[in-house]
Amino acid sequence: NPKMFNKIKKLSQKKFNKSDQHNQDNTSTNTNVVRSSRTTPTTASPLPNGESQTPAPSPSQTPNHPMFTSTPTLEVLPLLKDVSSSDRPLLFIKKAHMCSCQCDFSDTLIMPREKEIKRQTLLELVDFLHSSSGKVNETMQSELIRMVSANIFRSLPPAHYENTGAPPEGNDPEEEEPYLEPWWPHLQLVYELLLRYVVSSEIEPKTAKKFINHTFVSRLLDLFDSEDPREREYLKTVLHRIYGKFIFHRPFIRCSVYNIFYKFLYETERCIGIGELLEILGSVINGFTVPMREEHRLYLVKAIMPLHKSKSISVYHQQLSYCVVQFVEKDYKLADTVIRGLLKYWPLTNCNKEVLFLGELEEVLDVTEPSEFQHCVVPLFTQIGKCLNSAHFQVAERALFLWNNEHIVGLIAENKDVIFPIIFEALEKNMKGHWNQAVHGLSENVRRMFMEMDNDLFEECEKQYQENEAKTWELLEQREMTWKRLEEAASLRQQNSAVHLSGFTPSHTTFNSTDRDIRNSIGARRHRRNFTPLMQLWIR
């Protein structure tokens, strides 16, 4: 059909012209400042929605305007408050473009004037956004986010162990001195500018989402790997504000944070920024609706609970514990899942980590319902009993402090028939043989508390404990008797061998090799008959 062919030809020609024009715009050196809303805040690629912006004509769109130079220069410009309202947007764009220039902070003597100009300009932009008259149109927002991206998105320096070649597990992040960014005087103002932009009531989310898109948020999350704690604190605040204002970004932000946890657990083991992300996640969990969706339950089991197995948990344990408690407070049915998760990752040789686990366990039990407590009482107090007998006095002491919590004592009282027999033996061992006097005194207090709860049950447990002790001593005596019999049999055999050798002379007996083999086989059989019952008794 000729008409259909001509129509297809025209459409293809239009698409070719658009793509060619787009490529020319990307390669041109005269379009670095005023960009359309097709441009993302971090790169020069078009937006996914494909929308375009047609701002009103202004003198700034002329090719010879100084703000269109390929490399911005730092120069003194008029103040925004000193120009008319009609010229203010153009001056704002020019100032933002000028602040995209990077200054060298490797030496304080390099570019001192330019550094001060940029600092003053950034301060002015922050005040402009903070003031009530700071109305920012779409073109100004585009240039502002482009300037922010040019300043904050950069290659981060490697970690200390990456420079020295030392293994990451050999370094304690709490003991290392934090790395401080040398260009923080400018970087702080850029973050403050971004924060003012996000929290501004004049900025509509529908307009801002063209610039604060998934790419921008993803690159913002990558910056949590910065070793400068001041930068991570600003990132935490900015990301939290973005999560609260841009509802359509919330699922993406949650998924990205969980992916960072996966990467930390199974790839890098670099814990920088994990604490700040958990702090954000704690406030996010607090806003979850009830009943909780299966997606959130899955992330608790797969992403949050495995964070307990890291060697560097002390860096972020406070935030992690808060997130776990928030899950239980939101949905009481998750208490059993959380407690069993703690028992799964319970440390075996790290006593400091064990003290942290006991503290978190107390916080979880403090919000646990009695119905859920019954499901995990046996494995829970089996582990607590092991902690009571720990040779490390801080572990034993922290486990005994659980009985200072009234809610936990109430849970124990409701399940005393199950808990008493498990804990009684551990308490008696502490009373008899623990080296620390504080642990000895606390064990005595808990034992007295058990006696006051149910004296009959206490006496029954004590009787059972004494019977078990008697059986244990009986087994020990049997074992000692077995060893004595073995020693006597061995010494008797040694004496018989000595007598046999002393009475043997070659002239008395003459036998061939066959007779010797027969005697050896007969002696071996006798040895096995005498030795086997003793060994069986010893094994029992």
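Sequence positions are assigned chain by chain, starting from 1 and proceeding in written order. Per-residue local features of the predicted model are confined to residues with pLDDT of at least 70, and side-chain atom pairs are confined, for both listing and counting, to 80 or more; whole-chain, interface and lining totals are unaffected and use all residues. Values reported for side chains reflect all heavy atoms of the structure, with hydrogen atoms and water molecules removed beforehand.

(A) Fine view of the overall build of the chain. By the criteria applied, helices consist of DSSP H or I runs no shorter than four residues and strands consist of E runs no shorter than two, each listed in order from the N terminus. Helices and strands together make up the secondary structure of the chain, namely 23 helices and zero strands. For the chain, the residues scored as buried account for 40% of the 540 residues in total. Across the chain, contacts joining residues at least 24 apart in sequence account for 73% of those joining residues at least 6 apart. Accessible surface for the chain amounts to roughly 30400 Å². Of this, 53% is attributable to carbon and sulfur atoms. Working definition: with a 1.4 Å probe on protein chains only, accessible area under 20% of the residue-type maximum means buried, over 50% means exposed, and in between means partly exposed. Contact between two residues is taken to exist if any of their heavy atoms lie within 4.5 Å; hydrogens are not considered. Calculation of accessible area relied on Shrake-Rupley with a 1.4 Å probe; when residues are assessed, cover is drawn exclusively from the protein chains displayed.

(B) Spatial organisation of the environment of arginine 340. Here arginine 340 lies in helix α14 (residues 335-344). Accessibility expressed as a relative area gives 39% for arginine 340, which makes it partly exposed. Sequence separation between arginine 340 and leucine 380 is 40 residues, and the spatial gap between their C-alpha atoms is 7.9 Å. Filtering out sequence-adjacent residues up to four positions away, arginine 340 remains in contact with His375, Cys376 and Pro379. Pairs of N or O atoms are called polar contacts if they sit within 3.5 Å, as long as, within protein, a hydrogen donor faces a hydrogen acceptor (for residues adjacent in sequence, only side-chain-to-side-chain pairs). Here histidine 375 takes part through its backbone oxygen, which lies 2.7 Å from a polar atom of the side chain of arginine 340.

(C) Structural view of the packing of helix α9 (residues 229-245) against helix α11 (residues 274-286). Helix axes are fitted only over the stretch in contact, all axes being lines through C-alpha atoms; the angle between N-to-C directions runs from 0 to 180 degrees. Between α9 and α11, the least distance of the axes is 9 Å, while the angle of their chain directions is 25°. The orientation of α9 with respect to α11, classified from their angle, is roughly parallel. By crossing handedness, the relation of α9 to α11 is classed as right-handed. In this structure, α9 uses Arg232, Lys236, Leu239, His240 and Tyr243 to contact α11, whose residues at the interface are Glu276, Leu277, Glu279, Ile280, Ser283 and Val284. Angle categories: roughly parallel below 35 degrees, roughly antiparallel above 145, roughly perpendicular from 65 to 115, and oblique for all the rest. Helix crossings get a hand from a simple test, with the near helix turned counterclockwise from the far one by less than a right angle marking a left-handed crossing and a clockwise turn marking a right-handed one.

(D) Just the packing of aromatic side chains, in detail. Centres within 6.5 Å are what make two rings of Phe, Tyr or Trp a pair, Trp counting through its six-membered ring; a difference in plane orientation under 30 degrees is then read as stacked, over 60 as edge-to-face, and the rest as tilted. Overall, the coordinates contain 18 aromatic pairs when judged by the stated rule. Where phenylalanine 420 meets phenylalanine 450, the ring centres are 4.0 Å apart and the plane angle is 45°; that geometry is what we call tilted. Pair noted here: phenylalanine 420 is in helix α20 (residues 416-433) and phenylalanine 450 is in helix α21 (residues 437-453), with a separation of 30 residues, a long-range link. The exposure class of phenylalanine 450 is buried, given its relative accessible area of 1%. Put simply, the rings of Phe373, Phe381, Trp403, Phe420 and Phe450 pair up and form one aromatic cluster. Note that lysine 209 overlies the ring of phenylalanine 248, its terminal NZ or CZ placed 5.4 Å from the centroid. Criterion for a charge above a ring: Arg CZ or Lys NZ at most 6 Å from the ring centre, at most 35 degrees from the ring normal.

(E) Region of interest: the side chain of aspartate 336. By the secondary structure assignment, aspartate 336 is in helix α14. Ignoring anything within four residues of it in the chain, the contact list for aspartate 336 reads Glu372, His375 and Cys376.

(F) Inspection of α21 at higher detail. Expected helix span is given by 1.5 Å per residue-to-residue step, counting one fewer step than there are residues. Helix length check: α21 (17 residues) gives 25 Å between terminal C-alpha atoms against 24 Å at 1.5 Å per residue, within 8%. Those residues of α21 not exposed but buried are Val439, Leu442, Ser443, Val446, Arg447 and Phe450. All buried residues of α21 project into a common sector of 140° when viewed along the axis, lining one side. Turned more than 90 degrees away from the buried face of α21 sit Gln437 and Glu452, all of them exposed. This arc corresponds to the set of directions leading from the helix axis out to the C-beta atoms.

(G) A look at the packing of helix α18 (residues 393-400) against α21. Relative orientation of the contacting elements α18 and α21 amounts to 20°, with a least axis distance of 10 Å. Taken together, the axes of α18 and α21 lie roughly parallel to each other. Of the two possible hands of crossing, α18 and α21 adopt the one that is left-handed. Counting all contacts with α18, which are made through Phe393, Ala396, Glu397 and Leu400, the residues of α21 involved are Ala438, Val439, Leu442, Ser443 and Val446. In the contact of α18 with α21, the residues fall into seven nonpolar, one polar and one charged. For this classification, the nonpolar set comprises Ala, Val, Leu, Ile, Met, Phe, Trp, Tyr, Cys and Pro, the charged set comprises Asp, Glu, Lys and Arg, and every other residue, Gly included, is treated as polar.

(H) Up close: α20. For α20, which comprises 18 residues, the first-to-last C-alpha distance of 25 Å matches the rise-based estimate of 26 Å (1.5 Å per residue) to within 8%. By the largest-angle criterion, isoleucine 423 marks the main kink of α20, which is about 35°. Within the sequence span of α20, burial applies to Ile419, Phe420, Ile423, Phe424, Ala426, Leu427, Glu428 and Asn430. Note that bend, as reported per residue, equals the angle between axes fitted to the 7 residues terminating at that residue and the 7 residues originating from it.

(I) Quick peek at the confidence of the model for the chain. pLDDT expresses, on a scale from 0 to 100, how confident the predictor is about each individual residue. Summarising the model, the chain shows a mean pLDDT of 80, and 75% of its residues fall at 70 or more. Between the elements of the chain, mean pLDDT differs from a low of 48, seen in helix α1 (residues 2-27), to a high of 96, seen in helix α15 (residues 351-365). This stretch, residues 14-70, has a pLDDT under 50; its non-local contacts, to residues over four places away or in other chains, come to 91 contacts. Long-range and interchain partners of residues 507-511, a stretch whose pLDDT sits below 50, account for four contacts in this model, where long-range means more than four residues apart.

(J) Focus on a negative patch on the surface. Judged by side-chain charge, Asp417, Asp456, Glu459 and Glu460 come together as a negatively charged surface patch. Ranked by residues supplied to the negative patch, first place goes to helix α22 (residues 455-502) with three residues. Residue position: aspartate 456 is located in helix α22. For patch building, the residue pool is restricted to those with more than 30% relative accessible area and no salt bridge; the joining distance is 9 Å between like charges and 5 Å between nonpolar side chains (Val, Leu, Ile, Met, Phe, Trp, Tyr). Salt bridges are defined as contacts in which a side-chain nitrogen from Lys or Arg sits within 4 Å of a carboxyl oxygen from Asp or Glu. In this tally, Asp and Glu contribute negative charge and Lys and Arg positive charge; neither His nor the terminal groups of the chain are included. All charge positions are set by atom: Lys at NZ, Arg at CZ, Asp at CG, Glu at CD.

(K) View of the environment of phenylalanine 248. Inspection of the secondary structure puts phenylalanine 248 in the loop between α9 and α10 (250-268). Setting aside chain neighbours within four positions, we find phenylalanine 248 in contact with Pro205, Lys209 and His214.

(L) View of the nonpolar core. Counting residues in each nonpolar core, the largest one holds 126 residues, and the members touching the most others are Ile152, Leu194, Tyr197, Leu220, Phe381 and Trp403. Once residues within four sequence positions are removed from consideration, isoleucine 152 is found in contact with Leu187, Val190, Tyr191, Leu194, Leu220 and Leu223. Residues belong to one nonpolar core when they are buried, are Ala, Val, Leu, Ile, Met, Phe, Trp, Tyr or Cys, and are joined through side-chain atoms within 4.5 Å.

(M) Here's a closer look at the pattern of salt bridges. Inspection of the entire model under this criterion finds 21 salt bridges. Here glutamate 192 makes a salt bridge to arginine 196, at a shortest N to O gap of 3.1 Å. Here the residue glutamate 192 and the residue arginine 196 both occupy positions in helix α6 (residues 184-199), the gap between them amounting to four residues, near one helical turn. Judged by relative accessible area, which is 15%, glutamate 192 ranks as buried. With its nearest N and O atoms 3.8 Å apart, the salt bridge here joins arginine 447 to glutamate 462.

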